[in-house]
Amino acid sequence: METCLPIQHAAPSEPTAGTPFAWPLPFQKSKRVERQRVNSVPNETADQVAMTAPETSVEALNAMLLAVAVGQDRAAFRGLFDHFAPRLKAFVRRQGTDPQMAEEVVQETMVKVWHKAGQFDPAKASAATWVFTIARNMRIDHLRKANRPEPDYNDPAFVPDAEPGAVDRISRDQEAGRLHAALTVLPEEQQAVLRLAFFEDKAHAEIAEELGIPLGTVKSRIRLAFKRVRSEIGEIR
Amino acid sequence: MTITHHPSEELLLDYATGALGEAWSLAVATHLALCPVCRQTVTEMEAIGAGLMARLETEPVADDAFTDVLERIDAPLAPPAPAPAPPPVRAAGTKPLLPQPLRDYVGGDVAHLNWQRLGLGAYQKLIPTAGGSTARLLRIPAGQPVPEHGHRGLELTLVLDGAFSDQTGYYGAGDFQEADDNLQHQPHAAPDTDCICLAVTEAPLKFKDLSVRLVQPLLGI
Ligand SMILES: [Zn+2]
C-alpha cells in the first residue's frame, strides 16, 4: 500500500501559488494536439485566455491533467486544484470526517493526482472520474485502512478492451456532459440511494437499513437509476 | 475467452464505491482483469460517482492549502521499498494463468503454489485477506463433483482454468458465479482439465452429506 505521509521540508521552488490559472485556447480543442503542444508552448505565452468560470469544462480539465502528466505544468495543476479541491473536501466531509482530517485527505489526494497524472488515460475515463477514483481510494486507504485490490493493466494476463471503433463510440468528454444532464433529472429517491453508496461507501444492505426500506427497493432504485443514466448517455455498445 | 456469467450490478457497484471488503474485491478485481465488459460498467459507475461529487455544494479549503500541496510535491519522494522479486510465471513469453491482483495474493502462478490437500481429490490454497470472509483457490479434479453444499451466506466463484457446471449453468474461464443461501448446488468439474477457481465465502460452507459435514473441520472448508 502506498503512503503519502506529510513530510516537512523546504519551501516551494516557484511562487506559483498565487498565479491564476490561464489556459491557451488551442489546448481546449483536441487532445491529440495537446500532447504535442504542451511541451512546445511555454506557460507564459501572450495569447492566454483566463478561465475564471467556476465550472471548468470537461475538456479543459482533461487538458490540464494531460499538461500535468506531460509537462509537470504547475499552472495547469493550479487549475485542477481550484476546481477539484473544494469538491473533494465536500466529498470527504460527507463521511462525517472532521474538517482538519478532510483537509489532509484533500491535500494528499491532490499530491497523488500530481504524481500519478502520467497514468491518466482520457480514452478510459474523464479527468473528473479519474480524480474521483483517486479520492475514493485515498478514503479507503486513509480513513478505513483497508485494501482494495485492482486489476493491473500492464499484467500479461490482463485481457485488454477490444479496439473501440471511432464511430460507434461517443467520447468520454461527451459522456461526462450527458451524465451531468442525466443526474439532474434523476428522481430524488434514486439520487439519495446513489449518494449513500458513493459518498458514504455504504453497501446495499447498509443503505436499506439507513433508509428503513427493504433491500429489494434499494436494488431496484439503483437499477432504475443506472438504466436512466445509461439511456441518457446514449450507450451505443 | 468468452465470458457469459458476470458479477451482479450490485456487486460491481459495491466495488465501484469502495464498500466491498478485501476478499470480495479480490474476486471482482480478478474478474475485471479478464472482462472488458464489466470494466466498462465499473467505469460508468465511477463516472456517476464523479458526477454526484460535481453536484455537491463545494467546501472551501484552507487558504494555504495549495502552497502546502506544492511543498509536498517538491519534497523528495521517500525511496521506494525494494520491490520483491517477481514470483516466477509459467515460462518466458507465455501468459500466466492467474491474472493480477490474484497472482500476487497467492504468491505466484498456479504451477508454483503449495497446494493443501482437501480430500476427495481436491486441493486448496487459502488466501489471506482482512475481514471475516474467506478467499481460497480451489483445484477440483477434472470430471469430479464438488460435494453438494448450500451456503450460510454469499459465495463467489470465479473460474480461472477448466470449467464446472451445476444446475444453474456452465461456467468456463472468466465466468463468475454468485450463490446465496437459497442455492443448494452440486457443481461438477468439466472433463479433460482440472478446474481451478477462486472461491470467496462469507461463512463456512454447509455440506448436505453428514459424513462430509463430520470431516469438514478437518478439511478446513
Ligand atoms: Zn464481466
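Structure first, text after, so check above.
Description of the interface of chain A and chain B
Here is step 1: Counting residues at the interface gives 80 residues for chain A, matched by 62 residues for chain B.
Here is step 2: Summed over both partners, the interface of chain A with chain B comes to about 6,500 Å²; 64% of that surface belongs to carbon and sulfur atoms.
Here is step 3: Where chain A meets chain B, there are 9 salt bridges.
Here is step 4: The partner of R74 of chain A in a salt bridge is D74 of chain B, with the nearest N and O atoms 2.5 Å apart.
Here is step 5: Applying the counting rule to chain A against chain B returns 22 residue pairs in polar contact (both at pLDDT 80 or more).

Concerning the sheet that holds strand 6 (residues 164–166) of chain B
Residue and element names in this part refer to chain B.
Here is step 1: Taken together, the 3 strands give an open sheet; going across it, the order is 7-6-9, and neighbouring strands pair in antiparallel fashion. Of all the strands in the sheet, just strand 7 (169–171) and strand 9 (188–189) have a single pairing partner and so form its edges.
Here is step 2: With 3 bridges joining them, strand 6 and strand 7 adopt antiparallel strand pairing. Directly across from D166, in strand 7, lies its bridge partner G169.

Focus: helix 7 (residues 188–199) of chain A
All names here are of chain A.
Here is step 1: Compared with the 16 Å implied by 1.5 Å per residue over 12 residues, the 16 Å span of helix 7 between its first and last C-alpha is a close match.
Here is step 2: For helix 7, the complete set of buried residues consists of Q190, Q191, V193, L194, L196, A197, F198 and F199.
Here is step 3: At the exit of helix 7 stands D201, carrying a positive phi of roughly 25°.

Side note on the packing of aromatic side chains
Here is step 1: For the structure shown, the criterion picks out 9 aromatic pairs over all chains.
Here is step 2: Between Y153 of chain A and F158 of chain A, the ring centres sit 4.8 Å apart and the planes meet at 40°, which makes this aromatic pair tilted.
Here is step 3: Ring pairs connect the aromatic residues F77, F81 and W114 of chain A together with F66 of chain B, which therefore count as one cluster.
Here is step 4: Lying across the ring of Y153 of chain A, K124 of chain A places its NZ or CZ 4.2 Å from the centre.
Here is step 5: Over the aromatic face of W115 of chain B sits the side chain of R139 of chain B, whose NZ or CZ is 5.2 Å from the ring centroid.

Describing the coordination of the zinc ion
Here is step 1: Taken together, H6 of chain B (ND1), H31 of chain B (NE2), C35 of chain B (SG) and C38 of chain B (SG) make up the protein donors of the zinc ion, found 2.0 to 2.3 Å from the metal.
Here is step 2: All donor residues of the zinc ion come from one chain, and their arrangement in sequence is H-x24-H-x3-C-x2-C.

A short note on the pattern of salt bridges
Here is step 1: On inspection of all chains with the given rule, the structure shows 19 salt bridges over all chains.
Here is step 2: Residue D121 of chain A is joined to K124 of chain A by a salt bridge in which the shortest nitrogen-to-oxygen separation is 3.5 Å.
Here is step 3: Owing to a relative accessible area of 27%, D121 of chain A belongs among the partly exposed residues under this scheme.
Here is step 4: Of the charged contacts in the structure, one is a salt bridge between E10 of chain B and R223 of chain A, with a shortest N-O distance of 3.0 Å. Of this pair, E10 of chain B sits in helix 1 (residues 9–17) while R223 of chain A sits in helix 9 (residues 215–233), each in a different chain.
Here is step 5: On the basis of relative accessibility, which here comes to 13%, the residue E10 of chain B falls in the buried class.
Here is step 6: It is possible to trace a salt-bridge network through shared partners that takes in R136, R148 and E150 of chain A together with E46 of chain B.

Basis of the calculations
Residues numbered from 1 in each chain as written. Chains lettered and ligands numbered in written order. Predicted model: local features only at pLDDT ≥ 70, side-chain atom pairs only at ≥ 80, totals over all residues. Heavy atoms only, no water. Contact = heavy atoms within 4.5 Å. Buried area = accessible area lost by both parts, 1.4 Å probe. Salt bridge = Lys/Arg side-chain N within 4 Å of Asp/Glu carboxyl O. Polar contact = N/O pair within 3.5 Å; in protein donor to acceptor, adjacent residues only side chain to side chain. Pairing = 2+ DSSP bridges. Helix = DSSP H or I, 4+ residues; strand = E, 2+ residues; numbered from the N terminus. Expected span 1.5 Å × (residues − 1). Buried < 20%, exposed > 50% of the residue type's maximum accessible area, 1.4 Å probe, protein only. Phe/Tyr/Trp six-rings, centres within 6.5 Å; stacked < 30°, edge-to-face > 60°. Lys NZ or Arg CZ within 6 Å of the ring centre and 35° of its normal. Donors = N, O, S within 2.8 Å, 3.2 Å for Na, K, Ca; no water.

Note that all results are geometric; they support no functional claim without further evidence.
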